[in-house]
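Listed here are the chains, written in short residue letters.
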Amino acid sequence: MRRFSYRSLISEALNAHQGWQRQWRAPDPKPSYDVVIVGGGGHGLATAYYLASQHGITNVAVIEKGWIGGGNTGRNTTIIRSNYLYDESAGIYEHALKLWEGLSQELNYNVMFSQRGVLMLAHNVHDVQSFKRHVYANRLNGIDNEWLSTEECKAFCPPINISQDIRYPVMGGALQRRAGTARHDAVAWGYARGADSRGVDIIQNCEVKGIRRDASGAAVGVETTRGYIGAKRIGVVAAGNTSVVMQMAGVRMPLESYPLQALVSEPVKPCFPCVVMSNAVHAYLSQSDKGELVIGAGTDQYVSYSQQGGLHITNHTLDAICEMFPQFTRMKMLRSWGGVVDVTPDRSPIIGKTPVENLFVNCGWGTGGFKATPGSGHVFAHTLATGEPHEINAPFTLDRFRTGRLIDEAAAAAVAH
Ligand SMILES: Cc1cc2nc3c(=O)[nH]c(=O)nc-3n(C[C@H](O)[C@H](O)[C@H](O)COP(=O)(O)OP(=O)(O)OC[C@H]3O[C@@H](n4cnc5c(N)ncnc54)[C@H](O)[C@@H]3O)c2cc1C
């Protein structure tokens, strides 16, 4: 694969850009692979990349029913942070954040990772107590997170309205300065390019319709719209569709799938320097490099596989945005969309073995898995390569919903972006 460098950019500029190659192939599926990954989102592609680059396993196929990155990877608001409460969560999200910090160099592909800081606003006494608890817990884990007073929040992000007469007054905030955003589709494309160049087959427009098991019950391959594909190991990384895919092997998952929405405004000049999250009102805001305000809303209250949500949810979010940032009241919104997020009872992911031999799963990232993409792929590749969990994903078992060893970020944060 030709590397991106100053030299290649200059020579292509002089060559009217005629010499660029396709960034990944479009191969026909082989009869069988060592590993088949179901789902060509960021997590599936990262898993394939690390299987090839870290474990030397290159006889791998990523099977995607649509186009790579067309699921939640290409639909999210790209908030990246690692300041989660519990040790297990802090471990996996910080592992991911450290990988983000070197990812563009590692992939030789600009994922536009921007550490502009994520500020989580507190609007009531409970928020203040809970965020301060996060700050202390994060520091014990060596993760940066600091408490800002109301005035310090305003100094860090001048558009914030700190009037105390509004419905949700700002009572301070928790700031992680190393947190930020990245370009979502570049993450999928960068991993795809890196995996493909090491021999991984990326097969798009190919839907998995069944999982075949042998007489002993072990998974041996997948039935797809392009025929049967054998596999020594199968990794299901299908986000909102995980329950449907796992049901094909007879495994019932503790997941609920909800629509989650986002929207963007018309582009304007740079006016918003960081990422601001407000859990209490369920609104998230940053500005893209194109200039659009990128706004995240909450999930719908009912389960659904529809990639669009209720209008009242976006209306509620925009009410909150206008109150927190009054100067955006006259901005025009250009488009909105939804993704289907897979939510576990404790709002933490499931990464590891399943009751079916040779069948592994990586799911349950819900509303907040984009930030974990490199870390999730890294530890899941280890799990698929060795058959055993990496120490970082060892606590995130499917079994915990039977044993009760939950990692209850739902109670800790009430939201997971
Ligand atoms: C609106 C919105 C905002 C969000 N904001 C944030 C945020 O700010 N920060 C954050 O960290 N996270 C956020 N998230 C969550 C984040 O997007 C997801 O957790 C993450 O992208 C999941 O990645 P993935 O690779 O597992 O899933 P996906 O990218 O959805 O990939 C799964 C793939 O599996 C494919 N698939 C499904 N079934 C089959 C089948 N039968 N056969 C073959 N392929 C199949 C799908 O087509 C899809 O491409 C948000 C999500 C949404 C929807």
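Keep in mind it's a predicted model, so treat the numbers as computed, not measured.

Okay, the overall build of the protein next. Across its full length, the protein carries 12 helices and 18 strands. Taken against the 2.2 N^0.38 rule, which gives 22 Å for 417 residues, the C-alpha radius of gyration of the protein at 21 Å falls within 12% of a compact globule. The principal-axis extent of the C-alpha atoms belonging to the protein is close to 65 × 65 × 40 Å. For the protein, contacts bridging at least 24 residues in sequence account for 75% of all contacts bridging at least 6.

Quick look at the site of the ligand now. Around the ligand there are 40 residues in total, and Gly39, Gly41, Gly71, Gly339 and Gly369 lie nearest to it. Split by residue class, the shell around the ligand holds 13 nonpolar, 22 polar and 5 charged. Residue-level mapping places the shell around the ligand at the junction of two domains, with at least three residues from each of domain 1 (26-82 + 84-109 + 184-255 + 346-413) and domain 2 (118-177 + 256-343).

By domain assignment, the protein separates into domain 1 (26-82 + 84-109 + 184-255 + 346-413) and domain 2 (118-177 + 256-343). Residue-level contacts link 24 residues of domain 1 with 25 residues of domain 2. Counting residues per element, the side of domain 1 that touches domain 2 draws most heavily on helix H3 (residues 87-101), at 3 residues. Residues that form the side of domain 1 that touches domain 2 fall into these classes: 8 nonpolar, 11 polar and 5 charged.

Attention shifts here to the nonpolar core. Soluble globular proteins: nonpolar side chains tend toward being buried together. Formed by 115 residues in total, the largest nonpolar core has its most connected members in Val36 and Val38. Considering each element in turn, this core owes the most residues, 7 residues, to helix H2 (residues 42-55). Look past the residues within four positions of Val36 in its chain and what remains in contact with it is Ala61, Ile63, Val222, Ile229, Ala231 and Ile234.

Sequence positions flagged by UniProt for "domain: Rhodanese" (unreviewed entry) are, in local numbering, residues 35-79. Regarding residues 35-79, the helix share stands at 31% and the strand share at 20%, and the terminal C-alpha atoms are separated by 30 Å.

The rules behind the values
Residues numbered from 1 in each chain as written. Predicted model: local features only at pLDDT ≥ 70, side-chain atom pairs only at ≥ 80, totals over all residues. Helix = DSSP H or I, 4+ residues; strand = E, 2+ residues; numbered from the N terminus. Rg over C-alpha atoms; globule rule 2.2 N^0.38 Å. Contact = placed C-beta atoms within 7 Å. Near = placed C-beta within 6 Å. Nonpolar A, V, L, I, M, F, W, Y, C, P; charged D, E, K, R; others polar. Domains from an automatic or database assignment. Core = buried A, V, L, I, M, F, W, Y, C linked by C-beta atoms within 7 Å. Buried ≥ 20, exposed ≤ 12 C-beta atoms within 10 Å, placed from the backbone. UniProt positions renumbered as here; feature names shortened; annotations may be inferred.

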